[in-house]
Amino acid sequence: MVHIPRCMSTQHPDNVQVPFFSDNAELQGEDEVQEAYYVFSHLGCDEQMWDYEGKEVDNFVIKKLLTTYESYFRHNQIGRDVFITPRIPNPAVERSEAKILLETLGSIPRSYDAAEIFQAGHPAPIFEVILPMTVSAEDINRIYVYYEHFVAGRNNTKLPGTDFTIGEWLGQFRPERIHVIPLFEAVEHMLSAAEVMEEYLRDKPLEYHRVFLARSDPAMNSGLVSTVLANKIALQRLDQLEKRLGKPLYPILGVGSAPFRGHLKPSTVEQVVQEYPSVQTFTIQSAFKYDYPALQVGQAIRRLHELPRRAAQAVDEKRCFDIMEKYTQAYREAVMELAGVINNVAAYVPRRRKRKLHIGLFGYSRNVNGVSLPRAISFTAALYTIGLPPELLGLNSLSNEDLAFLRQTYINFEADLQAALRYADLDNPFLSPGLRRAIEHLGIKAEVNQEHLEISRRVVEAVRNNRFHRLDEWILQAANLRQFLG
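A brief look at the structure comes next. Predicted model only: the values in this text are computed from it and were never measured.

### Details of the overall build of the protein
- The secondary structure content of the protein amounts to 20 helices and eight strands.
- In summary, the protein has a C-alpha radius of gyration of 23 Å against a globular reference of 23 Å for 486 residues, a match within 12%.
- Relative to its 486 residues, the protein shows a buried fraction of 62%.
- Sequence-distant contacts, at least 24 apart, represent 79% of the contacts inside the protein between residues at least 6 apart.
- Carbon and sulfur atoms make up 48% of the accessible area of the protein, which amounts to about 19,600 Å² in all.

Structure follows, in structure tokens:
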């Protein structure tokens with residue numbers, strides 16, 4: 001039986017603390033190889049995303065893991081027990097990174113050879129890749145076909161002027177085909193995920209498939225409520241498609257520690273699984289891994305493995321859409337008004353990974369109505385630091401009937417808002433009177449973290465007076481109290 005991972009460790013830089021195995025606050029290179037071993041052997045994750053998108057990355061990770069940690073990987077085979085899954089650039093969007101795709105796909109057979117030398121009969125250590133910003137079946141199909149014909153297909157390609165094939169010359173190119181996991185990153189694309197998958201799988205000899213739904217980038221683009229509802233609709237539709245196809249579909253959900261980005265941390269494992277019962281794989285991001293004691297992290301990951309996957313939650317799509325339309329508009333209007341202060345504070349959020357600029361969506365430094373914004377983690381960190389958590393934006397658009405529906409459908413609605421309100425300043429000068437009234441109307445009681453409140457007010461005063469020299473220090477102090485950066 002094929003093992004489908006439950007806990008995917010990722011390289012999202014939302015951690016406050018620097019991992020013990022790194023001498024540098026910004027993880028890179030050999031640190032990330034060591035990280036992969038650590039999350040497998042000590043924390044209990046069964047998958048590591050290997051992120052080629054927007055950052056430099058080690059192309060020899062399989063060889064290095066096998067040779068450096070030989071004893072562990074003889075008993076825990078990569079590709080059978082634990083998994084390395086590359087996230088590749090999307091050439092349709094990231095034109096300057098497009099040819100990295102060819103290098104990444106071309107390295108898959110080399111990793112296969114390294115594993116075969118390490119242990120005869122070793123399974124393919126890499127056989128899946130994640131395609132970000134997927135919008136169509138054609139996006140996925142191009143990667144699948146390119147690998148099959150131009151990477152593995154070289155086995156039978158003859159060198160011009162000879163009877164010698166490339167496979168005979170350089171050795172066989174394996175595996176023969178790969179799975180391409182689409183990552184849907186905007187609300188409208190998540191809603192079409194089932195339709196895209198149905199078209200893509202129509203002619204594929206695949207026994208199962210995985211589908212990745214983003215959680216934090218769509219929240220930045222459309223707000224917390226719209227994203228949670230869109231996730232639930234997408235999961236319901238994928239569940240229905242699975243039944244029609246008679247072929248397993250295994251959703252992956254990209255959740256971070258902040259409620260705005262998914263609210264998965266060691267203490268919330270059970271409530272997140274309850275919120276998204278049909279998800280097979282949850283991401284374990286850096287704050288989860290490094291901002292809590294290792295024993296607590298390991299116990300939480302073991303609990304995630306124990307909790308069973310169940311059928312998708314049934315949701316009223318029409319009612320969801322009615323709420324999403326007005327909520328998203330209100331959320332975006334609030335973000336536009338706050339863009340200046342967000343950008344000012346986000347510029348001082350410390351980096352935790354060596355990354356390049358990510359492009360392509362509303363939240364990826366693209367100009368929208370004359371306004372550009374930082375990445376999702378810096379965006380979230382900036383708003384929390386000023387005492388205005390992004391979970392609160394757009395709530396003024398919701399009626400009593402909407403709130404009643406959300407409390408039934410978005411299971412952790414109150415718990416997520418209560419967690420955010422612990423770090424809110426309701427006397428914040430950037431908080432509109434209408435939004436303040438909406439928050440008070442919710443009647444959610446939250447014990448405000450006084451240390452965080454003092455820092456937030458210090459930051460707000462500094463920003464209003466253009467005094468930024470201690471901002472990075474205060475951002476870290478506040479993040480340390482929350483146990484996540486953004």
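Okay, back to it.
### Digging into the nonpolar core
- The biggest cluster of nonpolar side chains holds 140 residues, and the ones touching the most others in it are Leu65, Phe73 and Ile84.
- Top contributing element to this core by residue count: helix H14 (residues 317–346), with 13 residues.
- Residues within four places of Ile84 in sequence aside, it is in contact with Ala36, Phe40, Gln48, Trp50, Val61, Ile62, Leu65, Ile78, Pro125 and Ile126.
- Formed by eight residues, the second largest nonpolar core is a distinct cluster that contains Met8, Met49, Ile130 and Ala214.

### Describing the environment of Asp31
- Residue placement: Asp31 occurs in helix H1 (residues 30–43).
- Beyond its immediate sequence surroundings of up to four residues, Asp31 is in contact with Phe21, Ser22 and Glu26.

### Things to note about the packing of helix H2 (residues 61–68) against helix H4 (residues 100–118)
- Two elements in contact, H2 and H4, have axes separated by 8 Å at closest approach and are oriented at 20°. The angle between H2 and H4 falls in the class roughly parallel. The interaxial crossing formed by H2 with H4 has right-handed handedness. Contacts between H2 and H4 involve Ile62, Lys63 and Leu66 from the former and Ser111, Ala114, Ala115 and Phe118 from the latter.
- Its residues assigned to classes, the contact of H2 with H4 comprises five nonpolar, one polar and one charged.

### Overview of the pairing of strand E7 (residues 249–254)
- Counting buried positions along E7 yields six of six residues, so the element is predominantly enclosed.
- Of the two faces of E7, the one lined by Leu249, Pro251 and Leu253 and the one lined by Tyr250, Ile252 and Gly254 are each fully buried.
- Here two bridges tie E7 to strand E8 (residues 281–284), and the two strands are oriented parallel to one another. Bridge pairing in E8 places Ile252 opposite Thr281.

### Thoughts on the packing of helix H10 (residues 224–245) against H14
- The N-to-C vectors of H10 and H14 enclose an angle of 150°; their axes lie 9 Å apart at closest approach. Overall, the two elements H10 and H14 adopt an arrangement that is roughly antiparallel. In this structure, H10 meets H14 at a crossing whose hand is left-handed. Between H10 and H14, the residues in contact are Leu224, Val225, Ser226, Leu229, Ala230, Ile233, Gln236 and Arg237 and Glu317, Cys320, Phe321, Ile323, Met324, Tyr327 and Thr328, respectively.
- Looking at the contact of H10 with H14 residue by residue, the class counts come to 10 nonpolar, three polar and two charged.

### Let's talk about unusual backbone geometry
- The linkage connecting Arg174 with the following residue, Pro175, adopts the cis geometry, with an omega of 0°.
- Looking at the secondary structure, you find Pro175 in the loop between helix H6 (166–170) and strand E5 (179–184).
- Despite not being glycine, His263 has its phi angle at roughly 65°, a positive value.
- For Asn466, which is not a glycine, the phi torsion comes out positive at approximately 55°.
- Its location among the elements puts Asn466 in the loop between helix H19 (450–464) and helix H20 (471–482).

Parameters and conventions
- Residues numbered from 1 in each chain as written.
- Predicted model: local features only at pLDDT ≥ 70, side-chain atom pairs only at ≥ 80, totals over all residues.
- Heavy atoms only, no water.
- Helix = DSSP H or I, 4+ residues; strand = E, 2+ residues; numbered from the N terminus.
- Rg over C-alpha atoms; globule rule 2.2 N^0.38 Å.
- Buried < 20%, exposed > 50% of the residue type's maximum accessible area, 1.4 Å probe, protein only.
- Contact = heavy atoms within 4.5 Å.
- Areas by Shrake-Rupley, 256 points an atom, 1.4 Å probe, with all protein chains shown as cover.
- Core = buried A, V, L, I, M, F, W, Y, C linked by side-chain atoms within 4.5 Å.
- Axes fitted to C-alpha atoms, helices over the stretch in contact; angles between N-to-C directions.
- Parallel < 35°, antiparallel > 145°, perpendicular 65-115°, else oblique.
- Left-handed = near helix turned anticlockwise from the far one by under 90°.
- Nonpolar A, V, L, I, M, F, W, Y, C, P; charged D, E, K, R; others polar.
- Pairing = 2+ DSSP bridges.

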